[in-house]
Amino acid sequence: MSWEQLWLNYKAKENYGGRDFFKVITKKAGGVIIDCAADELVRAAQGFFGLTPSVEEHGADSGIILQITDNGKIAKAEGFRVYNKVGAVYVESPTDKGILYGVFALIRCVMLNVDLHYIDISESPDNPIRMINHWDDFNGNIERGYSGRSFFFKENDIIVNERTKDYARLMASIGINCSTVNNVNVKGVAAELVTEKHFDKLRQIAEIFAGYGIKMFLSLNWASPMKLGGLDTADPLDESVINWWKERVEAIYQNIPGFGGFLVKADSEGEPGPFTYGRDHAQGANMLANLVKPHGGIIIWRCFVYNCKQDWRDKVTDRAKAAYDNFSPLDGKFLDNVILQIKNGPMDFQVREPVTPLFGALKHTNQILEVQIAQEYTGHQKDVCYLVPSWKETLDFRTYMSQDHDTVGDIVSGKAFGGSNCGFAAVSNTGDEPNWTSNDLAAANLYGFGRLAWNTGLSSEEIAYEWTVLTLSNEPQVVKNVAYILLNSWPAYENYTSPLGIGWMINPGIHYGPNVDGYEYDVWGTYHRADHKGIGVDRSSKGTGYATQYNDPNRIMYETPDACPTELLLFFHRLSYDYVLKTGKTLIQHIYDSHFDGADAVEVMIKQWRECKEFLPLAVYERVMKKFDEQSLNSKNWRDTVNTYFYRKSMINDKHGRLIHT
Ligand code: GCV
């Protein structure tokens, strides 16, 4: 199967003034990463200008020069400077990785028509760890994958081919430096990935990744000492368990040099963990951390730990409180090479959630922010939903844990507490379909995540612009319309799905399409509690108490409906249908209006896409159009299902007399 090059599609560039710089590439440093950087320039030169550069090691001062330098002008090891000096373009960094990032930045500049005669850019990444998590199963399935099958695994075997390299190139080009290749739910024979059986191919992947500055990580199954080692316990304090893991870790590092470490989902959604043995998560994580430490490895420990069997009559237990309750008491107890990976919200990647209060509760613990590029709850990559603006909101959220440098972005970048074991991770939306993300527009999220992880200061608009020009076209009509589509897509999706932060009204299990009561009569603790009187969950101090987990003034803001931001009103409060919002509308009228608005917005996006037709490759245009056709139906289905539900519950007419039915 062939596949596309996404934003590394180096199309011919007519009339570009910087062509001659690409005639000679001089590598004033050595090593595999520098070789990959030079290769990328060769590819770019061939694609843009149809020329094959001569690659030299001690050339004259002309063309493009890659050199290691530590002149103090570049802030961090992975940072770079790209500049023009007397007729040559220099790519400089204290490290080979920095040079690779500089080369990709240089190529991006060419694609964005920056004049290389005047170029002078210096960049350093904001987040030390910039990580992609794949939820790829060993059998080739992808959990919450909507873009085909895995390109890492097939029928319980590992795939290594040219696509592995293209994946690494794509990721490095947006600054990704860590990747976990297998699903956090490590089921069946997937647990064997930590055994000799698979080291050979894993090493091959790790080597390809290493050429692009990416460390490979694995997810593990906590019960492996029992499943694979025949022990009768997986207790992290048991000597035989520790020895079993020690042997595995030694073997892995011997066979896969440069291995990054493990990502662990424990005591979550049926997965085993330290709780099973009366231990806490610090004891579990530290056991593994001690073992990988001599090898420079890290343990990334997920905080998605909650009781997934809740009784609906219990109005105090609140799934939203779980991460904070489980992990805030452990602050300071984790070793330095343990990082807690925390989902952006307290629930599970809903279209709108508050930022979890766990950010702001940990002052002595390394943290990674986890978001989901895969559109599990946001349209399965059928519906377009550009998520960069929502990630930016999370990064910019002030936790008030100190007077300054207290945003989530400050915490995970290391600005708040220092240190480099911290960063930004995302669940990937890729698969083996030729365009990687099924909906071409969903690739903007993949691209956007990497760019934002590198530079949290980039705006959603800048990222949308870059992605469009690099991937689709720089035709003004396309740039304008695609930006419109991307930037309006998250609000549209939010409008036609669940209202005001309540979330979850999707079909259980598959998480696509409307089903207002789908999870209401389920045990997963994801209730909206709608009845004929009103809707919403009281999470104030008088309700579940979730709001009290925030530092002031956030706690105060969420405590009362008057102060609560409208978009989160039903997440924090239970309100009657005639409650009047800040906009002056009643709650029920808001529900009706937003659902009509959301579905209407989809038709506007479709119109905008149609206007791009003549400037786009037909295959891309039609692929996206097909997705829009589904989104159009989906949005109307949501609109009518949700509006009918609330009309029947409230028996209050739509003020505008529109037809409400399913
Ligand atoms: C990988 C949600 C998803 C699961 C996922 C889990 C997690 O519950 O529905 O598919 O499992 O999150 O983040 O671990």
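Before reading on, note that the structure itself is shown above.
Quick summary incoming for the structure in this document. (Residues numbered from 1 in each chain as written. Predicted model: local features only at pLDDT ≥ 70, side-chain atom pairs only at ≥ 80, totals over all residues. Heavy atoms only, no water.)

Turning to the overall build of the protein, a few remarks are in order. Scanning the protein from terminus to terminus reveals 17 helices and 18 strands. Its C-alpha atoms give the protein a radius of gyration of 25 Å, near enough to 26 Å, the size a compact globule of 662 residues would have. Structurally, the protein occupies a C-alpha span of about 80 × 65 × 50 Å along its principal axes. Within the protein, buried positions represent 62% of all 662 residues. For the protein, the share of sequence-separated contacts (at least 6 apart) that also reach a separation of at least 24 residues comes to 73%. (Helix = DSSP H or I, 4+ residues; strand = E, 2+ residues; numbered from the N terminus. Rg over C-alpha atoms; globule rule 2.2 N^0.38 Å. Buried < 20%, exposed > 50% of the residue type's maximum accessible area, 1.4 Å probe, protein only. Contact = heavy atoms within 4.5 Å.)

The residue after D552, namely P553, is reached through a cis peptide bond having omega 0°. Looking at the secondary structure, you find P553 in the loop between β17 (534-535) and α14 (554-559). At N113, a position not held by glycine, the phi torsion is positive, near 65°. Within the secondary structure, N113 sits in the loop between α2 (96-111) and β6 (120-123).

A few words now on the site of the ligand. In the vicinity of the ligand lie 15 residues, with E143, K265, R302, K343 and E376 positioned nearest. At 2.5 Å, a side-chain N or O of E143 approaches an oxygen atom of the ligand. Between the ligand and N185 there is a distance of 3.1 Å, counted from an oxygen atom to a side-chain nitrogen or oxygen. Taken by itself the ligand offers 340 Å² of open surface, and the protein chains cover 97% of this. Residues belonging to the shell around the ligand are distributed by class as follows: four nonpolar, three polar and eight charged. (Near = heavy atom within 4 Å. Polar contact = N/O pair within 3.5 Å; in protein donor to acceptor, adjacent residues only side chain to side chain. Areas by Shrake-Rupley, 256 points an atom, 1.4 Å probe, with all protein chains shown as cover. Nonpolar A, V, L, I, M, F, W, Y, C, P; charged D, E, K, R; others polar.)

One pass over the structure, following the stated rule, counts 37 salt bridges. Ionic pairing is found between R81 and D120, a salt bridge with its closest N-O pair at 3.0 Å. Of this pair, R81 sits in strand β4 (residues 80-85) while D120 sits in strand β6, and the two are 39 residues apart along the sequence. The salt bridge partner of E376 is R144, with a shortest N-O separation of 3.0 Å. (Salt bridge = Lys/Arg side-chain N within 4 Å of Asp/Glu carboxyl O.)

Computed from the structure, the largest pocket encloses a volume of approximately 410 Å³. Residue lining of the largest pocket: 25 residues in total, with N344, E353, S390, E393 and T394 positioned closest to the centre. Mapped by element, the contributors of at least two residues to the lining of the largest pocket are β15 (366-372), α9 (388-396) and α14. Sorting elements by how many residues they give to the lining of the largest pocket places α9 first, with four residues. Of the residues belonging to the lining of the largest pocket, the class tally is 14 nonpolar, seven polar and four charged. (1 Å grid on protein atoms, 1.4 Å probe; cavity = no way out; pocket = protein on both sides within 12 Å on 5 of 7 lines; lining within 4 Å. Points joined across faces, edges and corners; volume = space filled by probe spheres on them.)

Turning our attention to the pairing of strand β16 (residues 423-427). Here is the key point about a regular strand: its side chains alternate between the two faces of the sheet. Here β16 lies mainly inside the structure; five of its five residues are buried. Inspection of the sheet shows strand β7 (residues 129-133) paired to β16 by five bridges, in the parallel sense. Residue pairing for β16: I129 is matched across the bridge by G423. Relative to β16, β15 is paired through five bridges, and the arrangement is parallel. (Pairing = 2+ DSSP bridges.)

Bringing the packing of aromatic side chains into the picture now. Counted under the stated rule, the structure contains 37 aromatic pairs. An angle of 90° between the planes, with centres 6.1 Å apart, marks the rings of W391 and F449 as edge-to-face. With a gap of 58 residues between them, W391 in helix α9 and F449 in helix α11 (residues 443-454) connect regions that are remote in the sequence. For W391, a relative accessible area of 4% corresponds to the buried category. (Phe/Tyr/Trp six-rings, centres within 6.5 Å; stacked < 30°, edge-to-face > 60°.)

To continue, consider the pairing of strand β12 (residues 261-264). As paired strands, strand β11 (residues 215-220) and β12 are joined by four bridges and run parallel to one another. Pairing of L218 across the sheet is with F262, part of β12. Looking at chain direction, β12 and strand β13 (residues 298-302) are connected through four bridges and run parallel. By the bridge assignment, V264 is partnered in β13 with W301. Where the polypeptide runs from β12 across helix α7 (residues 281-292) and back to β13, its parallel neighbour, the crossover connection is right-handed. (Right-handed = clockwise from strand over helix to strand, strands pointing away.)

Turning our attention to empty space enclosed by the protein. Per the counting criterion, the structure on display carries seven cavities of 30 Å³ or more. Size it by volume and the largest cavity reaches roughly 120 Å³. In terms of lining residues, the largest cavity is bounded by 13 residues, among which C303, F304, A323, P346 and M347 are the most central. Mapped onto the lining of the largest cavity, the elements with two or more residues apiece are α8 (322-327) and β14 (338-343). Broken down by class, the residue content of the lining of the largest cavity amounts to nine nonpolar, two polar and two charged.

Counted at 1.5 Å a residue, the expected span for helix α4 (residues 199-211) with its 13 residues is 18 Å, and the 18 Å between its end C-alpha atoms agrees. Looking at α4, one finds that the buried residues are F199, L202, I205, A206, F209 and G211. Note on α4: the residue one or two positions beyond its end, G213, has a positive phi of about 70°. (Expected span 1.5 Å × (residues − 1).)

For the rest of this paragraph, the subject is the nonpolar core. Across soluble globular proteins, nonpolar side chains show a tendency to be buried alongside one another. In this structure, W7, F22, L66, F262, W301, L441 and W609 are the most contacted members of the largest nonpolar core, which totals 210 residues. In this view, L66 contacts I25, T26, K27, K28, A29, I34, A37, A38, L41, V91, I99 and V103; residues no more than four positions away in its chain are not counted. (Core = buried A, V, L, I, M, F, W, Y, C linked by side-chain atoms within 4.5 Å.)

Across the sheet, which stays open at both edges, the six strands sit in the order β2-β1-β3-β5-β4-β6 with mixed pairing between neighbours. Sheet topology places β2 (54-56) and β6 at the edges, where each strand pairs with a single neighbour. Direction aside, the axes of adjacent strands within the sheet are offset by 15° on average. Bridge analysis of strand β3 (residues 63-68) against strand β5 (residues 88-93) gives six bridges, and the strand direction is parallel. Residue pairing for β5: I68 is matched across the bridge by S93. Relative to strand β1 (residues 24-27), helix α1 (residues 32-49) is tilted by about 175°, and along the sheet it contacts β1, β2 and β3. (Axes fitted to C-alpha atoms, helices over the stretch in contact; angles between N-to-C directions.)

Now for the environment of G273. Counting through the fold element by element, G273 comes out in the loop between β12 and α7. Taking the relative accessible area as the measure of exposure, G273 reaches 0% and is therefore buried. C-alpha of G273 to C-alpha of F424: the two residues are 151 residues apart in sequence and 24 Å apart in space. With residues up to four places along the chain from it excluded, the contact list for G273 reads W222, A266 and D267.

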